[in-house]
Each structure stands twice: as structure tokens, then as C-alpha cells.
Amino acid sequence: MALAAGQSIAAETGAPSTTLTQALSQISSERMLADIRALSGPAFNGRQTGTPDDLASAEFVRQRFLELQQHRSPGSESPAPPDRLPAHTQIQSAPVRITQIDDDSLLQIGPISESQPAVVGTDYLPILDSPSAELETSVVFAGYGISDQAGGLDDYAGIDVRNKVVLFLRGKPERYAKQVSHADKVHMAHAHGAIGYLTATGPILNAYETRRGVTGRPSAFYGLTDPHRTIPGAWISTALASAILNAQQPGEDNRLRRLQQQLNDTMAPQSTTTDVSIRVRWRSTQQNGTLQNVVALLPGQDAAHQHHAIVIGAHRDHFGKQGGLLFAGADDNASGTAVILEVARVLTSIPVGPKRSIIVVSFSGEEQGLLGSKLYVTQPIVPLTATAAMINVDHAAVGNGRLTIGVTGLEKPAAQQAGERAGLADRIDLFGFFPGGDHVPFKEAGVPTVTVVSGGIHPHFHQPTDTADTVNADILSAAARYILAIAWQLADAP
């Protein structure tokens, strides 16, 4: 049904409807900027999933949704048929585990940092769901950290990592065909007897990393490992990883780059033991918390279509305060949350809404493995078989002024036409599946998806510097206009 709707929309050549044009004109970047400042401000302390701070941000969103229902435009309600879906707001909840890295973490690598320990946030960050660490040993370089003899890549061949800290690069050689996750690598290190690990971005970036503006800085990150097969770990800077290997052979210029290039070219192991000592210490505490999605149903205006829906979603959660650093999460993803709040506001203020219902969802748990969107897919407000599409917006306020649009299950001309209707035809770049994000569980359930992120480099992505003063009002407004246009187009299709 959604695919057919997308095809019929793409075939249309008429101008945008007067109602949509009026709706687009009501988008306010000032309102969205105010919401970003609020959500990324001290009151919500980084919105870590399951914490009281995130529950407070859920209440912030819930109250906004309730206000929309209470202040609908008098003309926005057409005569209600007997089976008309009622507008409503609800909470979806699930238990979740909260991990907190205490403020006094330590990572000291000799002789590199004998006089000055590594700086948290600059040189390293503990993996945010890492267990506590109290280690003193030496470092072993293990390439990409992959042990797969059958697949032709075994970085553990010929080295002994028992009771050592393993250093492995993120990603994999392009020639290695299989998919491998960070958790897979940690499980491999554990199986080989390592007691801790360091991971770093290599000096040689692949095409995707280059396009996304990946840097050598450590980033906030959940490892999502099996608790029974995990060890303490930290993401370190590329500079620190290079220094560890150059300390072993001081006369060689950027040994790490050479080893990575050889791995990429040959997949032959380049692993090596070192005499570099390492001391690691941090305290990781766990407690139980509650994840909350906030869901608003805006009923469709057509009796024949209102029991079908479009989902618009954005994750609300971020990383909270970890290792003494506050991760405010302005671009990621207070921006997306502000966009869906503004789009919902506009949709409830126009005289006549689209035919199909629109469900607006503020997800939590995205950073911990898409927990909120997975929860919604198991408890949909409208059956997934009647969900025409899911539109996801994430980190939508920083970059080069363009929008990156990922489309699955819909015709790209429909997505392009939405850009034209929003006045953004020359600012959108269309792609297929966009990896990662709350659209993924919907795609896996067979629901067509549209993913919207702001294009270009996001220099503060998963950094403590992702604060409200870095967001761009024009980019934010463009994202909201596009979300409104594509949602209207899909919800009002024949």
C-alpha cells in the first residue's frame, strides 16, 4: 500500500496544496532553537536513557503533546465519524540497565604518559557500558581485532594476549566480506584471554568515514557486549594509538598507518606485542531504570484512510554525564526532537489535516541499541501492516546546509517531490538505506522508511562539545520543512 502510494505521488505534477503551503509557512526555527536549548541544558543533564533526567525530558515532550491536543485549531476537527480514532498521548515503558562511569577514571601509558596521565575526552573515553577496571599490564596490538580463520583474517594468529590489554582498530579491511561488530571484537578478545582492550580509529579512513567526517578523537559509545563475555575497554585517540606503536620503535614514522595499510592490502596479520605498559582504572556502576517512549496520535481526516498511519520519530536520549564530562546532545538529538515537536504543532494548527493518521514518537534508548524503536515495533499504536511509512529524523542541525535523505521501500521520485514541495529541491541528496537509527527496526519489520539527517560533517558528534550554540537555525528549518512535506505527501496520498 505504501509503495503504491509513493508511486502515485511521484506521478503527480501539480503544485503543493494550499493547506500544505500554509503549513510550511508556519515552521518556526525560533521555537525549535528554544526546545534545543531546553533539552540540551542543565535541567536534563544529557538525557541518559532510563535516568530521572531522561524521564524528565519524556515528561517535557508529553506535556507538549498534551498542549497540542488541548489547543487544536477550532477548524481543524472535521465532523467525527462514529469510529473516528481519538487523538491521544501515551507512554510506552520498559526496564533498562543504566551504566555510569564515575568521575575519577585513569588511563596511563608509559613511557608516553609517565608524567601526565591521558586526558579523558581528548585522549580516551571509557566505553560507556564497560565494567569497572583496575588493570596494570602491557599492550598488544591486534590489528582490527578479528579472529576468523575461515574468513581469511586472524589477527590473533601468533600472538599471546592472555592477561594483556589488546589494542585493535575500529572497522575492518574492505576486502573482508563479513560484517563484524564492536561487540564481536570484544568477545574475541575475551575468548583469547585479554583482560582489557583499547580501540581506535585508524589513520586510513574508508569512504563512509571520510564522508561522515570521522576524526581521530574518541567518541561516546556503548559497546553492547554480552555481560558474560566482556572486559573493560576504552576508545582512545588515533594519536595515542600511534604513539603506543611508535614507542616500541621510536625511529619509525607513523607505524600504525603502515600496519593498517598492510592489513588493508593483504589481510595478513600485522599484530605485535609491545613493552608499553598501561594502567587503567575506573569505576562503573549499574542500576535499573525505566525507558520511556512518548507517543502522540493525530487522527486522519478521512474515514476511509484514518486507520492507516505515518510514523514520524526522533530519539530523545543521549549519554548523560560520564567520566566527569557532560554530553548535552544538542544536535544529537535534541534537534530531531525539536523538529518533531514543531511538525506536530503545525499539523494540529492547520484547518484540515491529511487523510491518514500521523503518529509522532519520541524514542529513548537509541544510543543503547535502538531500544525505544524496537519497543514501539512490538507495541505499535496502529498495526505495522497499516503503517504506510516511518520517517526518522536524527542530528539535523549541523553540517553543510544540505539534507541527506535515506529511502527504503518507497520510490525515490516521491522523496524528491517532497523536497520540491518544501522548496528544498536543490538541497537534498537521496540515498538508499541509511545505516543505523530508529528507522532500522521498522525497515526490518517491512515498513517503508525515510531517514533525514543534515548533510556534511558533524564535528561535535558524540562529543561533550555538542551544545546548543553549535546548531544552525537554517538547517534546522530545512529539516522540519522536509519532514512536514514528506509526511503530508504520504499521509494524504490517494
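Summary of the structure given here. What you see is a predicted model, and the numbers here were worked out from it, not measured in a lab. (Residues numbered from 1 in each chain as written. Predicted model: local features only at pLDDT ≥ 70, side-chain atom pairs only at ≥ 80, totals over all residues. Heavy atoms only, no water.)

Before going further, it helps to examine the packing of aromatic side chains. Within this structure, the stated rule accounts for seven aromatic pairs. On the basis of an interplanar angle of 70 degrees and a centroid distance of 5.8 Å, the ring pair of Phe44 and Phe60 is categorised as edge-to-face. Of this pair, Phe44 sits in the loop between α3 (29-39) and α4 (52-70) while Phe60 sits in helix α4, and the two are 16 residues apart along the sequence. On the basis of relative accessible area, Phe60 is assigned to the partly exposed category, the value being 21%. Through successive ring pairs, a cluster of aromatic residues spans Tyr222, Phe319 and Phe327. Above the plane of the ring of Phe221 lies Arg170, whose end atom (NZ or CZ) is 4.8 Å from the centre. Taking the ring centre of Phe433 as reference, the NZ or CZ of Lys443 above it sits at 4.9 Å. (Phe/Tyr/Trp six-rings, centres within 6.5 Å; stacked < 30°, edge-to-face > 60°. Helix = DSSP H or I, 4+ residues; strand = E, 2+ residues; numbered from the N terminus. Buried < 20%, exposed > 50% of the residue type's maximum accessible area, 1.4 Å probe, protein only. Lys NZ or Arg CZ within 6 Å of the ring centre and 35° of its normal.)

The next thing to look at is the pattern of salt bridges. Applying the stated criterion to the full structure yields 10 salt bridges. With its nearest N and O atoms 2.9 Å apart, the salt bridge here joins Asp160 to Arg162. Asp160 sits in the partly exposed class, given a relative accessible area of 39%. Taking the relative accessible area as the measure of exposure, Arg162 reaches 53% and is therefore exposed. (Salt bridge = Lys/Arg side-chain N within 4 Å of Asp/Glu carboxyl O.)

What the eight strands build is an open sheet, ordered β1-β11-β15-β12-β16-β19-β17-β18; its pairing is mixed. Since the sheet does not close on itself, it has two edges, and those belong to β1 (88-101) and β18 (428-431), each with one partner. Averaged over all pairs of adjacent strands, the angle between strand axes in this sheet comes to 20 degrees, irrespective of strand direction. Where strand β17 (residues 403-408) meets strand β19 (residues 449-454), six bridges bridge the pair, whose relative direction is antiparallel. Bridge pairing in β19 links Ile405 to Val452. Those strands touched by helix α9 (residues 330-349) are β11 (284-298), β12 (309-315), β15 (357-363) and β16 (387-393), and its axis lies near 145 degrees from that of β12. Of the strands in this sheet, β17 and β18 touch helix α11 (residues 412-421), which is tilted by about 165 degrees from β18. (Pairing = 2+ DSSP bridges. Axes fitted to C-alpha atoms, helices over the stretch in contact; angles between N-to-C directions. Contact = heavy atoms within 4.5 Å.)

Quantified by volume, the second largest pocket comes out at close to 350 Å³. Looking at which element gives the most residues to the lining of the second largest pocket, the answer is β1, with four residues. Its residues placed into classes, the lining of the second largest pocket shows seven nonpolar, five polar and three charged. (1 Å grid on protein atoms, 1.4 Å probe; cavity = no way out; pocket = protein on both sides within 12 Å on 5 of 7 lines; lining within 4 Å. Points joined across faces, edges and corners; volume = space filled by probe spheres on them. Nonpolar A, V, L, I, M, F, W, Y, C, P; charged D, E, K, R; others polar.)

Now for empty space enclosed by the protein. Under the definition given, this model contains three cavities of 30 Å³ or more. Estimated volume of the largest cavity: approximately 90 Å³. Considering the residues around the largest cavity, the lining is formed by 10 residues, among which Leu298, Pro299, Leu347, Gly353 and Pro354 are closest to the centre. The residue inventory of the lining of the largest cavity, partitioned by class, reads five nonpolar, three polar and two charged.

Judged by nonpolar contacts, the single largest core of 63 residues is most densely connected at Phe65, Val339, Ile391, Tyr482 and Leu484. Sort the elements by how many residues they give to this core and helix α13 (residues 473-491) lands first, with 13 residues. Val140, Val186, Ala234 and Val280 belong to the second largest nonpolar core, which has 49 residues in total. (Core = buried A, V, L, I, M, F, W, Y, C linked by side-chain atoms within 4.5 Å.)

Another aspect to go through is the packing of α3 against α4. Packing of α3 against α4 brings their axes to within 11 Å, and their N-to-C directions diverge by 155 degrees. Here α4 runs roughly antiparallel to α3, going by the angle between their axes. Judged by the twist between their axes, the crossing of α3 over α4 is right-handed. In this structure, α3 uses Asp35, Ala38 and Leu39 to contact α4, whose residues at the interface are Ser57, Phe60 and Arg64. Each residue belonging to the contact of α3 with α4 can be placed in one class, and the counts come to three nonpolar, one polar and two charged. (Parallel < 35°, antiparallel > 145°, perpendicular 65-115°, else oblique. Left-handed = near helix turned anticlockwise from the far one by under 90°.)

Here we come to the sheet that holds strand β3 (residues 124-126). Read across the open sheet, the seven strands follow the order β2-β10-β4-β7-β8-β9-β3; overall the sheet is mixed. Each end of this open sheet is capped by a strand with a single partner; those strands are β2 (106-110) and β3. If you compare each strand with its neighbour and ignore which way they point, the axes differ by 30 degrees on average. Pairing geometry for strand β7 (residues 165-169) and strand β8 (residues 196-200), over five bridges, is parallel. What sits directly across from Leu169, in β8, is Ala200. Sitting on the sheet, helix α5 (residues 182-191) is in contact with β7 and β8, with an inclination near 150 degrees to β7.

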